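Survey of secondary and tertiary structure
Listed below are the residues making up each chain.
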Amino acid sequence: MPDLLLELFSEEIPARMQGAAAKDLERLVVGALSDRGLLFEGAKSFAGPRRLTLVLAGLPARQPDVKEEKKGPRVGAPDKAIEGFLRSAGVTLAQCQKQSDAKGEFYAAVIERKGRATGEVLTEILPETFAKLPWPKSMRFPGSAVRWVRPLHGIVCTFDGEVVPFEFAGVTSGNTTFGHRFLSKGPIEVRRFEDYERKLRDAHVILDAAERKEIILHEARQKAFALGLELVEDVGLLEEVAGLAEWPVVLVGTIEDAFMELPPEILQTAMRAHQKYFALRSTNSGSGGKLANRFAVVANMIAADGGKEIVAGNERVLRARLSDAKFFWDQDLRTGLDKLSGELRSIVFHNKLGFLEDRIPRVQSVAVEVGKSANAHDGDVMQAAEYMAADLASGVVGEFPSLQGVMGRYYARAAGLPDEVADAIRDRYRPQGPSDDCPSAPVSVALSLGDKLELLIAFFGVGERPTGSGDPLGLRRAALGAIRIVLENGLRIRLMPVLELARKLNNHNGYIRLNETNLKQTYARFGDPALCVEILEFLADRLKVALREKGTRHDLIDAVFSLGNEDDLVRLVARVEALQSFLKTDDGANLLILYRRAANILRDEEKRDKTSYDGEPDQELLEEYEERALSALFTDVHPNVIEDINAEHFEVAMDQMARLRKPVDAFFDKVTVNDKNPALRQNRLRLLSRLRATLHLVADFSKIEG
């Protein structure tokens, strides 16, 4: 079968957009072809600095013929109904057939469509498809209504080696492309993917981003090894530089010794964020992997001088960057931690929540409360919270915002603060993502968790909560971070009292310096204890996300959490895991079925009678053996389950519940619940209510799915 070759050639596409754009192009083209009955054997997309490429193998030469039968109105139906049907089907009444079913005769249109040549279909759908490509940012060009990421210069589109003619954004499709901007000359004619890929390689363009990444990684490692060093590998940076070079060439430059006194984080950030350089480090065990005065740069050029001029130019640019960084570093050290902290009185935290200085005492109090569970020293926690945001006033963080926290640790150590305090200042923001390490030292745990819980209360209290997929303040990330801190450290802490403390600390007029109007309306929620319940529910929702990868069922988290008495996340997870294990057993699965039967009966009867059947059954009205046996078992099991749950012996509590399975089964098999005798009926409904109450000691079984 023929193949489709498609290339969109443009000015440089931002590296961060390339991979997603190639996937979107493949998705849209494949979807449009599938909708028209054109299936194929395989698809592969490629992305690079100046081109998006899509190859479809085994595409048929024509669409399949289609025969469709469309049922119409009854014979004798109103004329308007018949006319509407004929219009929608694109036929005349003479072309329709009369068919019969059990209700009588009706009109039916048999529509036959001959399949078109695939080339014709491509000419029609490709311009429409390109226009739908969802660029994060795009531009409109003079004389065209089409938006595109960068000026489009060429389109290659061939099917079975022949050009598919169409126009998009003022560019006409053809079979001509171009190689490397500097290392090739003139247009390149192509017919199929095989000669397209080969000719591009000859023109110094490596089409596959994965291959470009492998070349960069291999060359950087080899050049570092030749210098007795090793590459500081960076997956994100590798992804980016592979999108900047069509023909990557790795070169190594030198950092002046004067800058090697800077903290390594400043060196790496200056190289990575601004210049896209890889850092190199020593392999000497005695140096502890110290950064070397070398960097690796990826050029998109083969230079006649072996890259000397390119390296010299990059060294000059880096020298200027690091000179600025060193100036700020030296200036911050002279300023000192206390003066930096004093600047927080003039830095706005949020326009509804005052200045950074206002927030410090609230976080101190909340972090100290958390520290009681983390075995952290109160004085250390207070000191860490006092200086936790001081580096936000520093020159280095102003230049390199990603170093907030990291620089705070350096300034704290320079001021002579204890290591555990300095480390807590650094760890305050952690974890920021699923791959980030979680704080484990007591002071770090107290500050990081306390900061996140106070943050949630503050923002939810002024109505700044996430909506849909939008979360500009990172509150979902803060909640996930808080959950990880608790679970990974096995931190036995009740969250509700901590949230209550944070709420009460925010329930004052401390924001009046920034907001002098509408204070009563803006901050009214801080006086409502329901705010803490809302935060706890938000954390429960995030907990489902955090545990999803472990295979923990979200409905079981709801079932345990909805009881309303669980704000210890470690205990909650243990209960959920025990419940999940129990429901996988025959006793658990069958007991769930029996619970639903009992709950449905109770729901219907309580609704009909407009009453509740909660309460103890009358022992003298238990006539049948099965109901007497079940009631006696409740008397034994109910207190045992309470005792086991209070002792956190959740598996044992599940074993107690498993004892109910056979007696409940026998009850439903032998006993008529809705007996004609009203007294017996009421008593048996109370017995079912006792079953519901006993199971609800562990979880709300009505929340369990499946």
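Let us look at the structure shown here.

Rules used throughout
- Residues numbered from 1 in each chain as written.
- Predicted model: local features only at pLDDT ≥ 70, side-chain atom pairs only at ≥ 80, totals over all residues.
- Heavy atoms only, no water.
- Helix = DSSP H or I, 4+ residues; strand = E, 2+ residues; numbered from the N terminus.
- Buried < 20%, exposed > 50% of the residue type's maximum accessible area, 1.4 Å probe, protein only.
- Contact = heavy atoms within 4.5 Å.
- Pairing = 2+ DSSP bridges.
- Axes fitted to C-alpha atoms, helices over the stretch in contact; angles between N-to-C directions.
- Parallel < 35°, antiparallel > 145°, perpendicular 65-115°, else oblique.
- Left-handed = near helix turned anticlockwise from the far one by under 90°.
- Nonpolar A, V, L, I, M, F, W, Y, C, P; charged D, E, K, R; others polar.
- Salt bridge = Lys/Arg side-chain N within 4 Å of Asp/Glu carboxyl O.

Mapped onto the elements of the fold, L660 is located in the loop between α24 (650–658) and α25 (661–670). Take L660: its relative accessible area is 0%, and that puts it in the buried class. Setting aside residues no more than four positions away along its own chain, L660 makes contact with L591, L630, L633, F634, V637, L691, T694 and L695.

This next bit is on the sheet that holds strand β18 (residues 291–299). With antiparallel pairing, the four strands of this open sheet are ordered in space as β15-β17-β18-β16. The sheet is open, and its two borders are formed by β15 (229–231) and β16 (249–254), each paired with just one other strand. Neighbouring strand axes in the sheet, compared pairwise and without regard to direction, differ in orientation by 35 degrees on average. Inspection of the sheet shows β15 paired to strand β17 (residues 278–282) by three bridges, in the antiparallel sense. Looking at the pairing, L231 lines up with L280 of β17. The sheet strands contacting helix α5 (residues 209–226) are β15, β16, β17 and β18, and the helix crosses β15 at an angle near 165 degrees.

Right, let's talk about the packing of helix α15 (residues 442–461) against helix α17 (residues 495–506) for a bit. Running from N to C, α15 and α17 point in directions that differ by 55 degrees, and their axes come no closer than 9 Å. Relative to α17, α15 is oriented oblique. The crossing of α15 and α17 is right-handed. Between α15, through L453, E454, I457 and A458, and α17, the contact on the second element is made entirely by L495, V498, L499, A502, R503 and N506. Residue classes in the contact of α15 with α17 are distributed as seven nonpolar, one polar and two charged.

Moving on, we come to the packing of helix α11 (residues 378–386) against helix α14 (residues 419–427). Orientation of α11 relative to α14, taken along the N-to-C sense of each, is 45 degrees, at an axis distance of 9 Å. The angle between α11 and α14 falls in the class oblique. In this structure, α11 meets α14 at a crossing whose hand is right-handed. Each of D380, Q383 and A384 in α11 lies in contact with α14, whose residues at this interface are E420, V421, A424 and I425. Taken together, the residues of the contact of α11 with α14 sort by class into four nonpolar, one polar and two charged.

In total, this model carries 60 salt bridges according to the counting rule given. Here D234 and R272 are joined by a salt bridge, their closest N and O atoms 2.5 Å apart. Taken together, the residues span a long stretch of sequence, with D234 in the loop between β15 and α6 (235–242) and R272 in helix α7 (residues 264–275) at a distance of 38 residues. Exposure remark for D234: the relative accessible area of 22% places this residue in the partly exposed category. Residue class for R272 comes out partly exposed when judged on its relative accessible area of 34%. The partner of R553 in a salt bridge is D555, and the shortest N-O contact between them spans 2.7 Å. A residue is classified by how much of its surface remains accessible, and R553, at 30% relative accessible area, is partly exposed. The class of D555 is buried, set by a relative accessible area of 3%. Counted as one network, the salt bridges with shared partners bring together R492, E566, D568, R571, R575 and E648.

Looking now at the sheet that holds strand β4 (residues 66–74). Overall, antiparallel pairing links the three strands, which are arranged β4-β6-β5 in an open sheet. With partners counted over all chains shown, the strands left at the sheet margins are β4 and β5 (97–101), one partner each. Between one strand axis and the next, the sheet turns through 40 degrees on average, direction left out of account. Taken together, the seven bridges between β4 and strand β6 (residues 104–113) define a ladder with antiparallel strand orientation. Residue pairing across strands places K70 opposite A109, the latter belonging to β6. Docked against the sheet, helix α2 (residues 79–89) engages β4 and β6, running at close to 170 degrees with respect to β4.

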